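# Tertiary structure, described
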Amino acid sequence: MTGLPQTDQPRLSSLPRLNSRTVPQRSPLHRRTVTETGIVHLGLGNFHRAHQAVYTAAALDHADGPWGILGVASRSTAVADALRAQDHRYSVVEISPDGARVAVPAVHTGALVAAHHPDAVVDAIAAPGTRIVSLTVTEHGYTFSPRTGHLDLDHDGVRADLRGNAPPRTTIGQVVRGLQRRLRDHATPVTVLSCDNLAGNGTQTARLVREFTEALPRAERDELVDWLDEGVAFPNTMVDRIVPATTDAYRTTVADHLRVRDEVPVAAEPFTMWVLQDRFAAGRPGWEHGGALFTDDVEPYELLKLRLLNGTHSLIAYLGALDGRATIPDAIGRPFVAEAAHRVLHGDYLPSLTVPDDIDLDAYVAQLFDRWANSALGHRTQQVGSDGSVKLRQRVPDPALGQLRGGRMPHHLALTVAAYLCCMAPPSGFEPGPHAAAMADPARGRLRETAERSTSVRDFVAAVIDGGLLGDGLAEHPAFTERVAELISVLARHGTSAAAGAAAEAADSEPLPVA
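Let me begin by describing the structure that accompanies this report.

## Things to note about unusual backbone geometry
The phi torsion at Thr143 lies on the positive side, around 45°, for a residue other than glycine. The exposure class assigned to Thr143 is buried, which follows from its relative accessible area of 10%.

Okay, structure coming up:
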């Protein structure tokens, strides 16, 4: 980890543990007591704790309110156990090449683990004091079909939650069963707030909730379906902050700054952005005091981020991992990766966007490259590249189809897909390296089975695209399939730099899109 000290374990173990008594009261965002829970948050991971929780702490620093957060982890007990041992305190370490800043956003009132306390999760969603149910469960956590975008009714967890003979285990099941109990007990309005990187995340969450509801037995469905329109709001949001995995180096940084031991600090870049529809059924914290922007139309900001930041980030991660680079700064430091990032951003993604009036595009793009190059943060390629089967479905198809329909091949979107497939299901004889192998993806096994059954790289790519990994539209453009297959072959035979060069050379020879 560049720019951070290594852990001095004996020294750390001798320090008092971070809690309500040991945290320095001068620490930014720290409050002595937050007792009233108004938000139930599903997904007690690093991003929530470095983003929504920080905005909530800023709101409560400005004015008191019933906005304490009950955090709910999905399966892992590590963060929840540590937070309980630390009086729900933890630190956020903002890392930049200029140094570190440490804050303690003390806004959590409790921590649950859904796998161990599923009934308590439903109870919390149904509680009359709960005004917002927020989510950061990653794209994968919404149990929708990547091909159709609809709720995956064949998913074992969804089917079990629909039967209802055990506490719900899926996120959508937990939300619906909590809303169902809420309606029966008191019918107090509530907001369901997605903070995940989904296109139209509020709209999509609302649709998945309704699809689950429509699949319930008739009596249950009929009692709930109308109330979803009357008593539940689903605002769209855009969230943006790079938050890498926690390492011992960040624990050392906390110890150096606060003279306490924090088992679960969160690292983050200084940049943060949150754009929301101001459509809440039962009030909200004053998040604008933390810098949140409220607007009637989130989509332009959302697409700007999903494509320019997230889409380009994916290409950097896959090329970097295949090139043996452990971190995003190491990857973007390779000239051919930086060039590919510029080209996919400007040539393939940007034509698909309407840039909001208040965004200076040149400054925004320059800032993106500065963020990716933050060597002190050291965001790992394996983390950014994980769950690509869900992420790429949100990022690649629409801009690719726009280019293809305009008569232009999106070579760098094809390169993104090719690099992803090489990471997940490498061609015979090609070794993608440890960083690609470490990427977690629910489709990895299925992709490898498809590769083993295929007689050629082209047949493999066709089976993947025809099978709906990237939705349905790209299957109608066999030239895109051919281009992905060609780039996989170049990657496997000649390496990542050669593949990026082949994409750039072909892009330079393309005619301009048809107007």
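## Some details on the pattern of salt bridges
Within this structure, the stated rule accounts for 26 salt bridges. A salt bridge links Arg207 to Glu211; the nearest nitrogen and oxygen atoms lie 3.4 Å apart. With Arg207 and Glu211 both in helix H8 (residues 201–214), this residue pair falls four residues apart, about one helical turn. Among the ionic pairs, Asp508 bridges to Arg343, the shortest N-O distance being 3.0 Å.

## Focus: the nonpolar core
Leu308, Trp372, Leu415, Tyr420, Leu421, Phe480 and Val484 are the most contacted members of the largest nonpolar core, which totals 90 residues. Residues Val79, Ala80, Val92 and Ala292 belong to the second largest nonpolar core, which totals 38 residues.

## Some words on the state of the cysteines
In the structure shown here, the tally under the stated rule is zero disulfides. Here Cys422 stays unpaired: no disulfide links it, and the sulfur of Cys423, its closest cysteine neighbor, is 7.2 Å away. The exposure class assigned to Cys422 is buried, which follows from its relative accessible area of 0%. Residue classification places Cys423 among the buried positions, given a relative accessible area of 1%.

## Quick notes on the layout of surface pockets
Of the volumes computed, that of the largest pocket is approximately 1,700 Å³. As for the largest pocket, its lining consists of 50 residues, and the residues nearest its centre are Gly45, Thr136, Val137, Thr138 and Asp387. With four residues, the single largest contributor to the lining of the largest pocket is helix H11 (residues 299–322). Classifying every residue of the lining of the largest pocket gives 18 nonpolar, 22 polar and 10 charged.

## Thoughts on the sheet that holds strand S11 (residues 273–276)
With mixed pairing, three strands are arranged side by side in an open sheet as S9-S11-S12. Across the chains shown, the open sheet's two edge strands, defined by having one partner strand only, are strand S9 (237–240) and strand S12 (293–294). Examined bridge by bridge, S11 and S12 share two bridges and lie parallel to one another. From the neighbouring strand, Val275 faces S12, where its bridge partner is Leu293. Running at roughly 40° to S9, H11 makes contact with S9, S11 and S12 of the sheet.

## A word on the sheet that holds strand S5 (residues 108–113)
Across the sheet, six strands lie side by side as S5-S2-S1-S6-S7-S8; this open sheet has parallel pairing. Of all the strands in the sheet, the pair left with one neighbour each is S5 and strand S8 (232–233). As paired strands, strand S1 (residues 37–42) and strand S2 (residues 68–73) are joined by five bridges and run parallel to one another. Its bridge partner being in S2, Val40 is matched across the sheet by Leu70.

## Things to note about the packing of H11 against helix H13 (residues 335–349)
Two quantities define a packed helix pair, namely the angle between the axes and the distance from one axis to the other. Between H11 and H13, the least distance of the axes is 9 Å, while the angle of their chain directions is 145°. The element H11 and its partner H13 pack so that their crossing is right-handed. Between H11 and H13, the contacting residues are Arg307, Leu308, Gly311, Thr312, Leu315, Ile316 and Leu319 on the first element and Val337, Ala340, Ala341, Val344, Leu345 and Tyr349 on the second. Per-class residue counts for the contact of H11 with H13 are 10 nonpolar, two polar and one charged.

Parameters and conventions
- Residues numbered from 1 in each chain as written.
- Predicted model: local features only at pLDDT ≥ 70, side-chain atom pairs only at ≥ 80, totals over all residues.
- Heavy atoms only, no water.
- Buried < 20%, exposed > 50% of the residue type's maximum accessible area, 1.4 Å probe, protein only.
- Salt bridge = Lys/Arg side-chain N within 4 Å of Asp/Glu carboxyl O.
- Helix = DSSP H or I, 4+ residues; strand = E, 2+ residues; numbered from the N terminus.
- Core = buried A, V, L, I, M, F, W, Y, C linked by side-chain atoms within 4.5 Å.
- Disulfide = S-S within 2.5 Å.
- 1 Å grid on protein atoms, 1.4 Å probe; cavity = no way out; pocket = protein on both sides within 12 Å on 5 of 7 lines; lining within 4 Å.
- Points joined across faces, edges and corners; volume = space filled by probe spheres on them.
- Nonpolar A, V, L, I, M, F, W, Y, C, P; charged D, E, K, R; others polar.
- Pairing = 2+ DSSP bridges.
- Contact = heavy atoms within 4.5 Å.
- Axes fitted to C-alpha atoms, helices over the stretch in contact; angles between N-to-C directions.
- Left-handed = near helix turned anticlockwise from the far one by under 90°.

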